[in-house]
Amino acid sequence: MPISPFGNPASPQAAATAQLFRFVLVLGAAVFAVVAGIIIVAAIRFRHRPGQGDPAPDTGRPGIEVVWVGAAALLLLVIFIPTVSTMRAVDPPADRRLPDLVVTGHQWWWEVGYPGLGIVTANEIHLPARRMFLVHLQSADVIHDFWIPSLTRKMDMTPGHATDVWLEADQPGVYLGACAEFCGVQHAWMRIRVIAEPEEAFAAWQQQQRQAPSPPRTPDAVVGASLYHEDTCANCHGTGIGPDLNHLAGRDTLAAGLMPNTPADLARWLKDPQAVKPGSLMPNFHLSDADVQKLVAYLETLR
Amino acid sequence: MREIALPPGALPAPPDRDGGGLYAWITSLDHKQIGIMYLITTFAFFIVGGVEALLMRTQLAVPNNTFLGPEAYNQLFTMHGTTMIFLVVMPMLIGLATYVVPLQVGARDIAYPRMNALSLWLLVFGGLLLYFSYLAGGAPDAGWFSYAPLSEKPYTTTTGVDYWILGLLATGIGTIAASINLIVTILALRAPGMRMTRLPLFTWMVLVNSVLILCALPVLNASLVMLLIDRQLNAHFFSPQGGGSAILWQHFFWAFGHPEVYIMVLPAFGIISEVIPVFSRKAIYGYEFVAASTGAIAFLSLAVWAHHMFAVGLGRTADLFFAVASMLIAIPTGVKVLNWCATLWGGAIRFTSSMLFAMGFLAMFTIGGITGVSFTAVPIDWQVEDTYYVVAHMHYVLFGGSAFAVFAGLYYWFPKMTGRMLSEAWGKWHFWLTFVGFNLTFMIQHVLGLAGMPRRVFTYPDLPDWGRFNMISTAGAYLLGFSVLVFLWNVFASLRAGRPAGDNPWNAWTLEWATPSPPPEHNFDLVPPVRGRRPLWDLAHPDRPDPAPAGFYGLGGHVPGPPPGGKALDVSGPRLGMLCFIGTEAIFFVMLILAYVYYHSAAHTGVVAARVLDSGRAGINTVFLIASSATLWLGGKSLEQRRGGALTAWLAVTIILGALFLIGQGREWLTLVRANVTVSRDLFGTTFFTLTGFHGLHVLLGLFLLAMLFGLAVARRFKGPTSAAIEAVALYWHFVDAVWIGIYSLIYLWALAG
């Protein structure tokens, strides 16, 4: 699974950054080699030998100082120039283009909306490979940070200060990301994934997301559906307080990347969310095992 | 070196007292004992902070670990960072300076001994207050940087963040006081002949650092105060829901936070600049450039703060400005590293434990500096900030840098402080265990960051290599922890049975080595003549003294020296100290004013200043306050003419006028509150009451000071024609008035202008 930003860059932006990093790394290693070399050679060649007195004082020459100040400035200029061009490559201006995606950070999950397509989902982003999406970032509570290492730069999601970032994947695949600004007790489990797909697969996904899920058929699922409404689940899930669940069953993970999306894990979550993700904003409803089973049956129909 | 028979565990004895029991130490005003107490306190906090780190590393050793839950872990990383920065590195360097600087300048003690003790005990008190939070509902858990709005209510409702604020305010005040003390000591108490261009580099860097502290700490104090007012009085400085700005917190915090990291490293640079020359047996290469680059670093450090905010989305221009400034600061830093290397070159190196740590510093700090420069290539920062790459970088500069330098300094000055040598055999074990343990812990964290692991996470998924790399780091951390025990063993064993040190065990050249170890209470029986940068070298080699400093491009070297027997700077102690205090308070007020200006200029609904403020009444108050400055000035004139009665009268009138001002201010506040203009209603209230409130507190403090002067005048204690106390209080009072004129113009006149 591609997670390393410099081992596996998977977008033009990440590739440009990786190249800049390799360049800076080589320069940095050279500088360190010089300094370490001086230290090691001096330690060997200029160690005190028995009977040796104090060496003659050499308090320096302004000429040498000017030379190495100049050399340092030159080195920094050499780093600065590709820095500017890489910034342009990674973060070109949005030019009043309407965002393709609106991602809202919540404690501790991601609300993902496609304004042009009328789709709302959570914790997963689907996008067609090789198409550049403009992502509008905002926060519903504290500062979060959107980061998919293989694909794009970090960008803070600050309440009161919306931002934009470009998102693109070279190849279809699953790309993992995480919130990168400490946002409270479950910051560690605010993970996100980007699923890049060929155009046809993306179109199919879109289609499915826009359709209402088919009504439940099995008896357990029917009971589960009515429990969903009686137990006030819809008060949070569907109003933006909790993640939208209309197509929950199609997602890879639960609880923002904490566990895989299997019926057993879903049951574990419903039984006691606080035991699975302590501090999360979903209270423990003290559901009976039977109720949990029926709710799971219902939720599994939401594709 | 003379061999002296010493009783076991000889530490400087307090004056006129036998042995020096606990009470004598606690009530000591001697800078040497206070310095040692700083070192003991900060080392104790170092161990606590280290235990916090080991707990964290244990939790992170394997993926999905359940050793610690998120609540505990988040408190630990907050406390670890806060402890190491505010209770260890910064005060440990101040403690070393407190001990060493008066000796290095040939002074009898630090400038203000009582204030010195106050600084130490504020550190202890603040640290204990912070740690009390563990018992009082939970330690702070919003990070050492406490970003808003997470640190605000309703997101953090436990009191941990409040203890964090109060603890840091206490230690912050102590730190400012210590810096004022060091500045005045260095400027006003130097031995004859010690011109500024002849200062030992440790002292010089402490001077520059102290000025930087006076610039940066008030920024922190103001920010803390604003956060506290938000949390406790429901104000809105930093909460977007109330119209405040979360980004403003970041700007304010990093405007302190970035200079702070240089505050933690400049004195370390000073230690290295002492140790490397002594153990290379040759004067430092490029003294002028090492000294000048210190000033450049301090100045530039005030202009780079938003490189901590590259991911906020401030815009291309802002990002580029801060990138360029941050690149520039690498140049003077590089100058230092190269000069230290050039000092080694051609020397006769002795590998004492102190020197091993200094050379280790050179290599480790260079690595940290290089990764620091990598962040200035902004797109790289956009990938690696908030990951373990940053954690690696900061520990290379703060541990591989500052902590290694502190160890070098401890091995170097322990003999002076105690009269006994630390064991070199144990010292070498300590060094190598530290060096290996440190690199094992932190080198791999660069890779973890590059592999995508964010920081401040209590656990992580089982992604390829993450578990393995974390396990290596944890193993290194345990080794590092063990190395500290080796050091402690060395200290205790050497205190009991270390080789007697004599005055100058290292054959060093600065003045602290020209007195017994440990020094007598008054420091010097006789201060050697100072004719250059290495007074003891010049004494030992009258045939080949150090060449007279050529000066820095003609500056400094040829400035006429002080009159024989006179002090180098003709500024009376209290006046210089008060000027420093005024400078730092001015910056505090600038922060509050900035908050007012920021919100007032932004478009907003809500209270309109022009409608609720009565500029006329406030104008009358202003007249009272300005008049009080005039009457105080007249009081000073009476003192000059030795008219005690007139002085007493003028002081009384000043106090009355000041009290009238406060009463007028109080009435205005009451009017506003009755009209429902409160600190919590909106941003006008928040910023108005904070700014005028703190000004009022300063006036109140001034009234107390004036009342004391009045009492002394009534008791006829002022003989005239001058009084340092009256001069100092007058400076303060005039400053407070000047601030009010600024506030009046800003708030009331601006409101009138509409």
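Predicted model, so just to flag it, every value in this text is computed and none were measured.

Conventions we followed
Residues numbered from 1 in each chain as written. Chains lettered and ligands numbered in written order. Predicted model: local features only at pLDDT ≥ 70, side-chain atom pairs only at ≥ 80, totals over all residues. Heavy atoms only, no water. Helix = DSSP H or I, 4+ residues; strand = E, 2+ residues; numbered from the N terminus. Rg over C-alpha atoms; globule rule 2.2 N^0.38 Å. Buried < 20%, exposed > 50% of the residue type's maximum accessible area, 1.4 Å probe, protein only. Contact = heavy atoms within 4.5 Å. Areas by Shrake-Rupley, 256 points an atom, 1.4 Å probe, with all protein chains shown as cover. Lys, Arg positive; Asp, Glu negative; His and termini not counted. Charge placed at Lys NZ, Arg CZ, Asp CG, Glu CD. Phe/Tyr/Trp six-rings, centres within 6.5 Å; stacked < 30°, edge-to-face > 60°. Lys NZ or Arg CZ within 6 Å of the ring centre and 35° of its normal. Core = buried A, V, L, I, M, F, W, Y, C linked by side-chain atoms within 4.5 Å. Buried area = accessible area lost by both parts, 1.4 Å probe. Salt bridge = Lys/Arg side-chain N within 4 Å of Asp/Glu carboxyl O. Polar contact = N/O pair within 3.5 Å; in protein donor to acceptor, adjacent residues only side chain to side chain. pLDDT = per-residue confidence, 0-100.

A. Spotlight on the overall build of chain B. A tally of helices and strands in chain B yields 22 helices and zero strands. In terms of overall size, chain B behaves like a compact globule, its C-alpha atoms giving a radius of gyration of 27 Å where 754 residues would be expected to give roughly 27 Å. Its C-alpha atoms put chain B at 75 × 75 × 50 Å along the principal axes. The buried share of chain B, taken over its 754 residues, is 64%. The contacts of chain B with a sequence gap of at least 6 include a subset with a gap of at least 24, amounting to 82%. For chain B, the accessible surface area stands at approximately 26,300 Å², while carbon and sulfur atoms represent 70% of it. Taking the average place of the 41 positive charges on the side chains of chain B and the average place of its 36 negative ones, the gap between the two points comes to 7 Å.

B. Geometry of the overall build of chain A. Helix and strand content of chain A: eight helices and twelve strands. At 27 Å, chain A has a C-alpha radius of gyration far larger than the 19 Å of a compact globule built from 303 residues. Overall, chain A is about 95 × 50 × 35 Å in size when its C-alpha atoms are taken along their principal axes. Across the 303 residues of chain A, 50% fall into the buried class. Sequence-distant contacts in chain A: of pairs separated by 6 or more residues, those separated by 24 or more amount to 66%. Charged side chains of chain A number 22 positive and 28 negative; the gap between the two group centres comes to 8 Å.

C. The packing of aromatic side chains, seen in detail. Inspection of every chain in the model, using the stated rule, returns 71 aromatic pairs over all chains. On the basis of an interplanar angle of 75° and a centroid distance of 6.3 Å, the ring pair of A:Phe133 and A:Phe202 is categorised as edge-to-face. Highlighted residues: A:Phe133 in strand E5 (residues 133-139) and A:Phe202 in helix H3 (residues 199-210), separated in sequence by 69 residues. Judged by its relative accessible area of 2%, A:Phe202 falls in the buried class. Each ring, one from B:Tyr411 and one from B:Phe487, has its centre 5.7 Å from the other, and the planes form 65°; the classification is edge-to-face. Taken together, the residues span a long stretch of sequence, with B:Tyr411 in helix H13 (residues 388-418) and B:Phe487 in helix H15 (residues 466-497) at a distance of 76 residues. A cation sits over an aromatic face here: A:Arg153 above B:Trp382, 3.7 Å from the ring centre. Over the aromatic face of B:Trp509 sits the side chain of B:Arg534, whose NZ or CZ is 4.3 Å from the ring centroid.

D. View of the nonpolar core. With 308 residues, the main nonpolar core has A:Ile125, A:Phe146, A:Leu167 and A:Leu270 as its most contacted residues. The leading source of residues in this core is helix H3 (residues 70-104) of chain B, at 20 residues. Filtering out sequence-adjacent residues up to four positions away, A:Leu270 remains in contact with A:Met282, A:Leu287, A:Val292, A:Leu295, A:Val296 and A:Leu299. Counting residues in each nonpolar core, the second largest holds 16 residues, with A:Leu20, B:Met327, B:Val373 and B:Phe375 among its members.

E. Here's a closer look at the interface of chain B and chain A. Chain B puts 89 residues into the contact, and the matching count from chain A is 80 residues. For the pair chain B and chain A, the two sides together bury roughly 7,200 Å², of which 72% comes from carbon and sulfur. Measuring nitrogen to oxygen at the nearest pair gives 3.5 Å for the salt bridge that ties B:Arg316 to A:Asp91. At the boundary of chain B and chain A, one finds 15 residue pairs in polar contact (both at pLDDT 80 or more). A total of 14 residues in the side of chain B that touches chain A trace back to one element, the largest contributor, which is helix H10 (residues 316-344) of chain B.

F. Spatial organisation of the confidence of the model for chain B. All names here are of chain B. Chain-level statistics for chain B give a pLDDT mean of 92 and a share of 93% at 70 or above. Per-residue pLDDT stays below 50 along residues 1-10; that stretch engages in 21 contacts with residues further than four places along the chain or on separate chains. A low-confidence stretch, residues 552-570 (pLDDT under 50), is modelled with 22 contacts involving residues beyond four sequence positions or located in other chains. Here the predicted complex scores 0.94 on pTM and 0.95 on ipTM.

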